[in-house]
Amino acid sequence: MPPPAKIRIDLNSAVPAYRQIVDAVRVLLVEGALPPGSELPSVRRLAMDLGVHFNTVGEAYRELAAEGWLDLRHGRGATVIARGSPAARPEQLQEFRTRLRSLVAQMRSEGVAPARIAAELRSLTESLKP
Amino acid sequence: MNSALFLSLLVVAFTGAFMLLVPHFSSPRYLFAVTVPAGFRASEPGRAAIRRYHWWVVRAIAASAVIVATMAQSWPDLAVVLAMLPAIAGVASFLRERSKLQGYAAPPPGVREADLAPDGDHLPRWIALALVPLALPLAAAAYLRAHWSEIPERFPVHWGAAGEPNRWAGKTPAAVYGPLLSGAGMMLFLLLLGLAIFYGSRRAPQRTAILKILVACVYFLGFIFTGVGLMPVVRVPIAAFLVATFLFAAAVIAWGYKIVTDPAQPVEATLDQYWYLGSIYCNPQDPAIFVQKRIGFGYTINFGNRMSWLLLGSFLAGMLGLVRVAR
């Protein structure tokens, strides 16, 4: 039996807690660690475990539901649902490119070689395949 | 040695031993309830703080033993109260060392981890065993009812430090069944407290451990109150209750100590800035109603949570009701 999926957030980070929760859960969803039918903890339980406000987790769940990953039924918690692979819109692709460009520039400025950056991106893309 | 002196010295020894244990009775991550860097306890400032604390408590134990020995004969009840001197000195010394250690505090931990499995809010099946001891006061009440004619018209209900009765009650249903009713109430109260902690705290192994301890306490209270309730017809030596209480308390402390000091146990990430006097937690941003204590074993209430006040009010009302029943 695989170990239960975990998420980790850093409250000292400049990235808002809800955004960290969305990103961390999305990684698990994309890599298949949370297959369709999986139930997530209730908003109350996850907020308590992470030590953040209920609204923070509620907002994260709503965003994931809007992306088509979760079914939020009142009183039943959050359930992972089957989701097709939507084609990314051109403006979304442009936004991803901008974010990647910024991240790659940051890596280059910290001394990471271009070949290493390309290898890391390839490796991460492969590892996120369900 | 008279019984008052023996009892007072026992209290001094027990309280003193517990107070000496206090700096060690916490996760290695904390010292005097301050978050410290790894290995700080073994460093010179850490050892010096513990040494100073122990020195004050040892002096208080010695002073308390001398005072108790001289007063036990003339003022036995006051001697028992003064036997708590090591606790007072320990608390004062604890707060002083806590204040001195603030300069060595480690940066606040910001990383939080959570399990995405939905389970963890289901009570363990063994919790049903906690209902078994509730049968004890019921059985005792049935026994008293069956032996009503054997109950004397006047029987003792309170004893002094010397073990002599100092309060009596008449043969009325309230006086006879009162201790059993208040005992059952306290058992229910502990069970409810266990459930509140289970649902109102973060998922962690300590949550289940405290539930086990509370269930053990329910069993212990069941036996004690049944014994006390049967006193009108069955003569049980007061010393038996005292010895049983000390033994049970020592066992619970040893159990808790083992869990708290186990480096493999996860430590709850709460920030120093929300802890007052090392034991009062008040964080309005934290949705947890109960958080793990930094000193000793168990949970304490988060006073920053509105729900905590509601629970506290309900429990206090219940306790006052029990006291009223007991009287």
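Just so it is clear, the structure is predicted and the values come from calculations on it, not from any experiment. (Residues numbered from 1 in each chain as written. Chains lettered and ligands numbered in written order. Predicted model: local features only at pLDDT ≥ 70, side-chain atom pairs only at ≥ 80, totals over all residues. Heavy atoms only, no water.)

This part is about the overall build of chain B. Counting secondary structure elements, chain B contains nine helices and nine strands. Considering only C-alpha atoms, chain B reaches an extent of 70 × 55 × 30 Å along its principal axes. Taking all 327 residues of chain B together, the buried fraction comes to 45%. Counting only contacts in chain B whose residues sit at least 6 apart along the sequence, the fraction spanning at least 24 positions is 67%. (Helix = DSSP H or I, 4+ residues; strand = E, 2+ residues; numbered from the N terminus. Buried < 20%, exposed > 50% of the residue type's maximum accessible area, 1.4 Å probe, protein only. Contact = heavy atoms within 4.5 Å.)

In this description, a pair of aromatic rings is defined by centroid distance and the angle of the planes. Taken as a whole, this structure holds 12 aromatic pairs over all chains when the rule is applied. Measuring from centroid to centroid gives 5.2 Å for Phe40 of chain B and Tyr104 of chain B, while their planes differ by 45°, and the two rings are tilted. Highlighted residues: Phe40 of chain B in the loop between strand 2 (34–35) and helix 2 (44–71) and Tyr104 of chain B in the loop between helix 4 (85–101) and strand 3 (111–115), separated in sequence by 64 residues. Phe40 of chain B gets classed as buried once you look at its relative accessible area, which sits at 8%. The class of Tyr104 of chain B is partly exposed, set by a relative accessible area of 40%. The rings of Phe18, Phe25 and Tyr257 of chain B are connected pair by pair, giving a single aromatic cluster. Taking NZ or CZ as reference, Arg83 of chain A lies 4.3 Å from the ring centre of Trp69 of chain A, over its face. Stacked on the ring of Trp168 of chain B, the Lys or Arg Arg154 of chain B has its end atom at 4.4 Å from the ring centre. (Phe/Tyr/Trp six-rings, centres within 6.5 Å; stacked < 30°, edge-to-face > 60°. Lys NZ or Arg CZ within 6 Å of the ring centre and 35° of its normal.)

The interface is formed by 23 residues belonging to chain B together with 26 residues belonging to chain A. Both faces combined, the contact of chain B with chain A buries some 2100 Å², and carbon together with sulfur accounts for 54% of it. When the buried area of chain B at its contact with chain A is split by residue, Arg112, Leu116 and Pro287 of chain B rank highest and sum to 35% of it. Across the pair Glu113 of chain B and Arg8 of chain A runs a salt bridge, and its minimum N-O distance is 3.1 Å. Summed over the shared surface of chain B and chain A, the number is 10 residue pairs in polar contact (both at pLDDT 80 or more). For the side of chain B that touches chain A, the elements supplying multiple residues, two or more each, are strand 3 and helix 6 (173–200) of chain B. Residue composition of the side of chain B that touches chain A, grouped by class: 11 nonpolar, four polar and eight charged. Inspection of the sheet shows strand 1 (residues 6–10) of chain A paired to strand 3 of chain B by five bridges, in the antiparallel sense. Opposite Lys6 of chain A, over in strand 3 of chain B, you have Asp115 of chain B as the bridge partner. (Buried area = accessible area lost by both parts, 1.4 Å probe. Salt bridge = Lys/Arg side-chain N within 4 Å of Asp/Glu carboxyl O. Polar contact = N/O pair within 3.5 Å; in protein donor to acceptor, adjacent residues only side chain to side chain. Nonpolar A, V, L, I, M, F, W, Y, C, P; charged D, E, K, R; others polar. Pairing = 2+ DSSP bridges.)

Moving on, we come to the sheet that holds strand 4 (residues 78–80) of chain A. Residues and elements named next belong to chain A. Reading across from one edge, 2-4-3 is the order of the three strands in this open sheet, with antiparallel pairing throughout. Because the sheet does not close on itself, it has two edges, and the strands there are strand 2 (39–40) and strand 3 (70–72). Note: strand 2 against strand 4, two bridges, orientation antiparallel. Within strand 4, the residue paired with Glu39 across the bridge is Thr79.

To continue, consider the pattern of salt bridges. Residue and element names in this part refer to chain A. Scanning the model with the defined rule gives 16 salt bridges over all chains in all. Residues Arg19 and Glu63 are paired through a salt bridge, measuring 2.7 Å at the closest nitrogen-oxygen approach. Taken as a pair, Arg19 in helix 1 (residues 17–30) and Glu63 in helix 3 (residues 54–66) lie far apart in primary sequence, 44 residues in all. By relative accessible area, which is 23% here, Arg19 ends up partly exposed.

A common measure of how large an interface is: the accessible area buried when the components associate. All names here are of chain B. Annotation of chain B at the domain level lists domain 1 (1–107) and domain 2 (125–327). Centre-to-centre, using C-alpha coordinates, domain 1 lies 24 Å away from domain 2. Taken together, the contacts link 25 residues of domain 1 with 25 residues of domain 2. For the pair domain 1 and domain 2, the summed buried area comes to about 2200 Å², and 68% of that belongs to carbon and sulfur atoms. When the area that domain 1 buries against domain 2 is broken down by residue, the three leading residues are Phe14, Phe25 and Tyr30, summing to 28%. Where domain 1 packs against domain 2, one counts zero salt bridges. For the pair domain 1 and domain 2, the interface holds six residue pairs in polar contact (both at pLDDT 80 or more). Across the side of domain 1 that touches domain 2, the residue classes tally to 17 nonpolar, five polar and three charged. (Domains from an automatic or database assignment.)

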